[in-house]
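What follows is each chain in one-letter form.
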Amino acid sequence: MSEASHRAEEAPNWILVHPAYQQMKSLEVDDSAQVHAAFLVYMDLSEVRQWKEVSCVKSPELQVVLLEGREKEGAPIQTVFPLPTHRPLSHQSIRHVLDRGFPMLLCAVASDSTLVYQRMTNGLVTPDPPTGPFQDLGRRQHRKRRKQQ
């Protein structure tokens, strides 16, 4: 056996010894898949997206790890709800997280570690109007162009 493979066998999984993962485990959430998902989201927010003050908190009612952080320095705190794709989601659980008083992001975590963020709001939010130099050709002009071709 080579020295490199021997060292690989002795080295523990880096995720299991990471301080943030250890802190999440200490929150004593029963769903290990949700804790793992929360860690992946934590790493994405803190290392890739460079969020500030990212921390984890336990929601005793939902038995999940939630993340809180700021998108940039001085921005408002947001709550991120990491959710493995196999876990069901209810209106009540979304409502519970929204009632914490912070803006909420739902993060779906796929088994291949793909992360999809969705902003959740209290009620309906009208979308911003489209921007750009748009020209409405209308149906008649579309028909006219088709006949010319």
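Structural notes, computed from the coordinates. The structure presented is a predicted model; accordingly, all values stated were derived computationally and were not measured.

### Some points on the packing of aromatic side chains
Then step 1. By the definition in use, this model includes two aromatic pairs.
Then step 2. An angle of 85° between the planes, with centres 5.7 Å apart, marks the rings of Tyr21 and Phe39 as edge-to-face. Within this pair, whereas Tyr21 is found in helix α3 (residues 19–26), its partner Phe39 is found in helix α4 (residues 32–48), the two being separated by 18 residues in sequence.
Then step 3. On the accessibility criterion, Phe39 (1% relative accessible area) is buried.
Then step 4. Aromatic rings pair up to connect Trp14, Tyr21 and Phe39 into one cluster.

### Concerning the pattern of salt bridges
Then step 1. Applying the stated criterion across every chain, the model contains five salt bridges.
Then step 2. Arg87 is the partner of Asp31 in a salt bridge, and the nearest nitrogen-oxygen pair spans 3.4 Å. Linking Asp31 in the loop between α3 and α4 with Arg87 in the loop between β3 (77–84) and α5 (91–98), this pair joins segments that are 56 residues apart in sequence.
Then step 3. A salt bridge links Arg95 to Asp99, with the nearest nitrogen and oxygen atoms 3.2 Å apart.
Then step 4. The class for Asp99 is exposed, based on a relative accessible area of 54%.

### What to know about the pairing of strand β2 (residues 64–70)
Along a regular strand, successive side chains alternate from one face of the sheet to the other.
Then step 1. Among the seven residues that make up β2, six are buried, leaving the element largely enclosed by the rest of the structure.
Then step 2. In this sheet, β2 lies alongside strand β1 (residues 52–59) in antiparallel orientation, the contact comprising six bridges. Bridging from a neighbouring strand, Val57 pairs with Leu66 of β2.
Then step 3. What sits between the antiparallel neighbours β1 and β2 is a turn of four residues, in which Gln63 has the positive phi angle 55°.
Then step 4. The sheet contact formed by β2 and β3 spans four bridges and is antiparallel. By the bridge assignment for β3, Leu67 is matched with Val80.

Calculation notes
- Residues numbered from 1 in each chain as written.
- Predicted model: local features only at pLDDT ≥ 70, side-chain atom pairs only at ≥ 80, totals over all residues.
- Heavy atoms only, no water.
- Phe/Tyr/Trp six-rings, centres within 6.5 Å; stacked < 30°, edge-to-face > 60°.
- Helix = DSSP H or I, 4+ residues; strand = E, 2+ residues; numbered from the N terminus.
- Buried < 20%, exposed > 50% of the residue type's maximum accessible area, 1.4 Å probe, protein only.
- Salt bridge = Lys/Arg side-chain N within 4 Å of Asp/Glu carboxyl O.
- Pairing = 2+ DSSP bridges.

These figures capture arrangement, not role.
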